[in-house]
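# Survey of secondary and tertiary structure
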Amino acid sequence: MPAKRNGSTGKKKTWWRKIIYLTLIILGVYLLFTYVLARVKVLIIPDIEDRAKEFNVQLNTNNEQVNESNNIFKAEIIAAEETKEDTFSATGSKNLGDYANGQVLLTNKTGLSQPLTKDTDLVSDNGKVFHLTADTTIPGAKVDETGQVIQGEISVAIKAKEAGTASNNINGRINIGSLPLDKQEKIYGLISGNTVGGSDKTERVVSEDDLNKAQDKLSKDLEVILKEKINKKVSPDLVISEQLINFSIVELTKEFEIDAKADNFKMSLKLKARTFAYDNKHMRQVLKERMTQDLKSGEVIAEGELGDLNLEVVQANYDLGLVDLKIKATFPVAENMALEEIKNNILGKNEAEARRYILSLPKVKDVRFIFSWNLSSKVPNSATKVNVVLSKDGL
């Protein structure tokens, strides 16, 4: 019987030891997270005024020309190429019938000969346009032995500019569109008989609009691909700006030209993209320091705020590796506050008490507490574990 009592007593002692050990562990964890590891960052959001200033900035890939005191920052060129081919539908229509033709007697009443190319527009009284079938020269007028003026003349073949029956049965005077109006009275043509031979046959063709839309489609698709390729090439500490990406056509291959008869056509485009990559964070910090020099006494840019930079490209030369920018830098400016004094006044307070105190201060709009390694919403007693900063939006 006594042996049983000793065993029961030993079990009770072991149970109490476990409770004590567990209590000590819980107490140790609480003390660790409350007094040793606990940290808090206090973001004070003051009344803010956005202050802007323009800077003339240059990005330069030549390290020897980099001079940050003159706003010349280091950059590097990132380039990529990609090719894409696709098939597109032809939507144009054109009369591919026969062209009307005829003979015209060209007359020149001036003393100088008049050369004409086969692309010269000859316009009839009803607006139909014809071309010469070959380059020619209308001889100038001459004076014969009796003193009479003999006008220069030459008979040549003509062909309608556009196919179709609409250019049949044209006769009479025809004017030379490339000549000044006063000269057209002295140099003109007269169609001999009627023009004949024009016929209608409307076919589907590749229009200029088809080719333009196909090229635009390929360009837009390639631009997306090239932007992704460029972003993958940029090192983590650098950035690229959309305004600085330059696209150029390396090669364009078209299966058909304008007005070619076709239901579909292929087009292939090789596009190249180049851009400048630069340390945007460092540039912002340098411009922030320049802005700080212009602040009035008692003003400060909120800590950690790198502001907003609005870039405008003045001129860029990707072959030389430099680009001139006009940058409008905007930073949030606030009245300076005695942050150390504020920190000392909230040590050991719970969040609600610290919040009431800070919000009672002038020029304070809001405050945010970010606790880390803390089991309670209490500001640590140690000043080294409390960081109080000014912030534009509490982020």
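Rules used throughout
- Residues numbered from 1 in each chain as written.
- Predicted model: local features only at pLDDT ≥ 70, side-chain atom pairs only at ≥ 80, totals over all residues.
- Heavy atoms only, no water.
- Helix = DSSP H or I, 4+ residues; strand = E, 2+ residues; numbered from the N terminus.
- Buried < 20%, exposed > 50% of the residue type's maximum accessible area, 1.4 Å probe, protein only.
- Contact = heavy atoms within 4.5 Å.
- Polar contact = N/O pair within 3.5 Å; in protein donor to acceptor, adjacent residues only side chain to side chain.
- Pairing = 2+ DSSP bridges.
- Axes fitted to C-alpha atoms, helices over the stretch in contact; angles between N-to-C directions.
- Salt bridge = Lys/Arg side-chain N within 4 Å of Asp/Glu carboxyl O.
- Patch = residues over 30% accessible without salt bridge, like charges linked within 9 Å, V, L, I, M, F, W, Y side chains within 5 Å.
- Areas by Shrake-Rupley, 256 points an atom, 1.4 Å probe, with all protein chains shown as cover.
- Lys, Arg positive; Asp, Glu negative; His and termini not counted.
- Charge placed at Lys NZ, Arg CZ, Asp CG, Glu CD.
- Left-handed = near helix turned anticlockwise from the far one by under 90°.
- Nonpolar A, V, L, I, M, F, W, Y, C, P; charged D, E, K, R; others polar.
- Phe/Tyr/Trp six-rings, centres within 6.5 Å; stacked < 30°, edge-to-face > 60°.
- Lys NZ or Arg CZ within 6 Å of the ring centre and 35° of its normal.
- Core = buried A, V, L, I, M, F, W, Y, C linked by side-chain atoms within 4.5 Å.
- Arc of directions from axis to C-beta.

## Description of the overall build of the protein chain
When helices and strands are counted, the protein chain shows six helices and 23 strands. Within the span of the protein chain, comprising 395 residues, buried residues form 35% of the whole. The contacts in the protein chain between residues at least 6 apart in sequence include a share of 76% that link residues at least 24 apart.

## Some points on the environment of Ser199
Note on placement: Ser199 falls in the loop between strand S14 (187–196) and strand S15 (202–205). Using a relative accessible area of 24% as the deciding quantity, one classes Ser199 as partly exposed. Among the polar contacts listed, one links the side chain of Ser199 to the backbone nitrogen of Asp98, at a separation of 2.9 Å.

## Some thoughts on the side chain of Thr136
Within the secondary structure layout, Thr136 lies in strand S9 (residues 136–138). Here Thr136 falls in the buried class, since its relative accessible area comes to 13%.

## A word on the sheet that holds strand S12 (residues 152–160)
Strand order in the closed barrel made by the six strands is S5-S12-S8-S7-S13-S14, with antiparallel pairing throughout. Each strand axis lies, on average, 40 degrees off the axis of its neighbour in the sheet, ignoring direction.

## So, the pattern of salt bridges
This model, assessed by the stated rule, comprises 19 salt bridges. Note that Asp259 and Lys94 form a salt bridge whose closest N and O atoms lie 3.5 Å from each other. Here Asp259, found in the loop between strand S17 (246–254) and strand S18 (264–278), pairs with Lys94, found in strand S4 (residues 92–95); they are 165 residues apart in sequence, far enough to count as distant. The exposure class assigned to Asp259 is partly exposed, which follows from its relative accessible area of 33%. The exposure class assigned to Lys94 is partly exposed, which follows from its relative accessible area of 26%.

## Some words on a negative patch on the surface
A cluster of acidic residues, Glu68, Glu76, Asp237 and Asp279, forms a negative patch at the surface. Examined against the element boundaries, Asp237 turns out to sit in the loop between helix H3 (208–233) and strand S16 (239–240).

## Looking at the packing of helix H5 (residues 339–346) against helix H6 (residues 351–359)
It is at 10 Å that the axes of H5 and H6 come closest, and there the two elements cross at 145 degrees. In this structure, H5 meets H6 at a crossing whose hand is right-handed. Where H5 approaches H6, its residues Glu341, Ile342, Asn345 and Ile346 are matched on the opposing element by Ala354, Tyr357 and Ile358. By residue class, the composition of the contact of H5 with H6 is five nonpolar, one polar and one charged.

## Some remarks on the packing of aromatic side chains
Tallied over the entire structure, the rule returns three aromatic pairs. For the ring pair Phe369 and Phe371, a centre distance of 6.1 Å and an interplane angle of 10 degrees mean the geometry is stacked. Just above the ring of Tyr188 sits the side chain of Arg173; from NZ or CZ to the centre is 4.0 Å.

## Describing the side chain of Thr195
Tracing the backbone shows Thr195 in strand S14. A polar side-chain atom of Thr195 sits 3.0 Å from the main-chain amide nitrogen of Ile170. In contact with Thr195, other than residues within four places in its own chain, are Ala100, Asn101, Phe130, Ser167, Asn168, Asn169 and Ile170.

## Points about the nonpolar core
Core analysis: the biggest nonpolar cluster contains 23 residues, and Leu59, Met283 and Ile327 have the highest contact counts within it. Residue assignment for this core shows that the elements contributing at least two residues are strand S2 (49–60), strand S3 (72–89), S18, helix H4 (280–293), strand S20 (308–317) and strand S21 (322–335). The biggest single contributor to this core is S21, with six residues. Excluding residues within four positions of it along the chain, Ile327 makes contact with Lys53, Glu54, Phe55, Val57, Met283, Leu287, Leu309, Asn310 and Leu311.

## Some words on H5
Listed in full, the buried residues belonging to H5 are Leu339, Ile342, Lys343 and Ile346. Across the axial projection of H5, the buried residues extend over an arc of 100 degrees, all falling on one side. Positioned one or two residues after H5, Gly348 has a phi angle of 80 degrees, which is positive.

## Let's talk about the sheet that holds strand S23 (residues 386–390)
Across the sheet, three strands lie side by side as S22-S1-S23; this open sheet has mixed pairing. The open sheet terminates on both sides in strands that have one partner only, identified here as strand S22 (364–372) and S23. Sheet twist, expressed as the mean angle between neighbouring strand axes with direction ignored, is 15 degrees. Relative to S23, strand S1 (residues 39–46) runs parallel, the two sharing five bridges. Pairing of Val42 across the sheet is with Val388, part of S23. H5 rests against S1 and S23 of the sheet, and its axis sits at about 135 degrees to S23.

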